[in-house]
Amino acid sequence: MSPTDPALDIAARLEAVRARIAEAAAAHGRDADDITLVAVSKTQPTARLTEALEAGQRDFGENYLQDAIAKIEQLGAQAPVWHFIGDIQSNKTRDIAAHFAWAHAVDRFKIARRLSEQRPAGLAPLDLCIQVNVDDEASKSGVAPAATAELAAQIATLDNVRLRGLMTIPAPAEGLAAQRRPFARLRELRDALNADGFALDTLSMGMSADLEAAVAEGATHVRVGTAVFGPRTR
């Protein structure tokens, strides 16, 4: 089934994902209202986002910048919350700073500084997450866990961004216990940073295949694409 198939019931799929989140939250003594579902809408046509908005979805994640800006301009009157979830190169920072409420994948101070400098006057500070490479994968972006505190301290000096927490994309794993381990490492890192004086309230972790494990380990934002919009065609 393609993302543009009229039989794809976005409202029903959103309801099913929210039910998964609620069930996982209840199993671990958490309130589902403390967990934000970020619907990953990259490559999806604007009509699909409109369906999601009509079903009550407010937070959308994008990582193809030009596609995202077109959607933001079309849907601006409906005022969804836009999260940039992809890798951030220097030539993207101005548009991200101008159009998004969140950036989830900051792993260099240079990028955070540019986002702060380019945030338009009158907008609230841009909420940031540091992307952490918890599995030390050579193919993955993200700062090493041991270097996270230094980057967090640098970001804390900036005026127009606000460091909210940490984000990770772990290596795929089979089974709940194996899926939980990298998320537990991210939570422990967040807690260690807070013990050192930071005030981080966000763990952006978990996707369609492992959101239950992420919720079990304290995720505040889960980034779900396939389970909401179906498989991507590109």
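The rules behind each value
Residues numbered from 1 in each chain as written. Predicted model: local features only at pLDDT ≥ 70, side-chain atom pairs only at ≥ 80, totals over all residues. Heavy atoms only, no water. Salt bridge = Lys/Arg side-chain N within 4 Å of Asp/Glu carboxyl O. Buried < 20%, exposed > 50% of the residue type's maximum accessible area, 1.4 Å probe, protein only. Helix = DSSP H or I, 4+ residues; strand = E, 2+ residues; numbered from the N terminus. Arc of directions from axis to C-beta. Contact = heavy atoms within 4.5 Å. 1 Å grid on protein atoms, 1.4 Å probe; cavity = no way out; pocket = protein on both sides within 12 Å on 5 of 7 lines; lining within 4 Å. Points joined across faces, edges and corners; volume = space filled by probe spheres on them. Nonpolar A, V, L, I, M, F, W, Y, C, P; charged D, E, K, R; others polar. Polar contact = N/O pair within 3.5 Å; in protein donor to acceptor, adjacent residues only side chain to side chain. Core = buried A, V, L, I, M, F, W, Y, C linked by side-chain atoms within 4.5 Å.

Quick word on the pattern of salt bridges
In step 1: For the structure on display, the rule yields 12 salt bridges.
In step 2: Measuring nitrogen to oxygen at the nearest pair gives 2.9 Å for the salt bridge that ties E62 to K71.
In step 3: When its relative accessible area of 0% is taken as the criterion, E62 is described as buried.
In step 4: A salt bridge links R180 to E217; its shortest N-O distance comes to 2.7 Å.

Thoughts on helix α3 (residues 65-75)
In step 1: If you check which residues of α3 are buried, you get L65, A68, I69, K71, I72 and L75. All buried residues of α3 lie within an arc of 165° about the axis, which places them on one face of the element. Relative to its buried face, α3 has exposed residues pointing more than 90 degrees away, namely Q66, E73 and Q74.
In step 2: Here the buried face of α3 lies against α2 (46-54), β2 (59-62), β3 (81-84) and α4 (93-99).

Brief notes about the layout of surface pockets
Left-over empty space is what a probe sized like a water molecule reveals as it rolls over the atoms.
In step 1: For the largest pocket, the calculated volume is near 470 Å³.
In step 2: Elements that contribute at least two residues to the lining of the largest pocket include exactly β8 (221-224) and α9 (226-229).
In step 3: Each residue belonging to the lining of the largest pocket can be placed in one class, and the counts come to 8 nonpolar, 10 polar and 5 charged.

Some details on the environment of S208
In step 1: Position of S208 relative to the elements: it lies in the loop between β7 (202-204) and α8 (211-216).
In step 2: Among the polar contacts listed, one links the side chain of S208 to the backbone nitrogen of T226, at a separation of 3.5 Å.
In step 3: A polar contact of 3.1 Å, which involves the side chain of S208, links it to the backbone nitrogen of A227.

Comments concerning the nonpolar core
In step 1: L115, L128, I130, I155, L166 and V222 are the most contacted members of the largest nonpolar core, which totals 60 residues.
In step 2: Take this core: its biggest share by element is 6 residues, from helix α1 (residues 10-27).
In step 3: Ignoring any residue separated from it by four or fewer positions in sequence, one finds V222 in contact with I21, I35, T36, L37, V38, M205, G206, L211 and V215.

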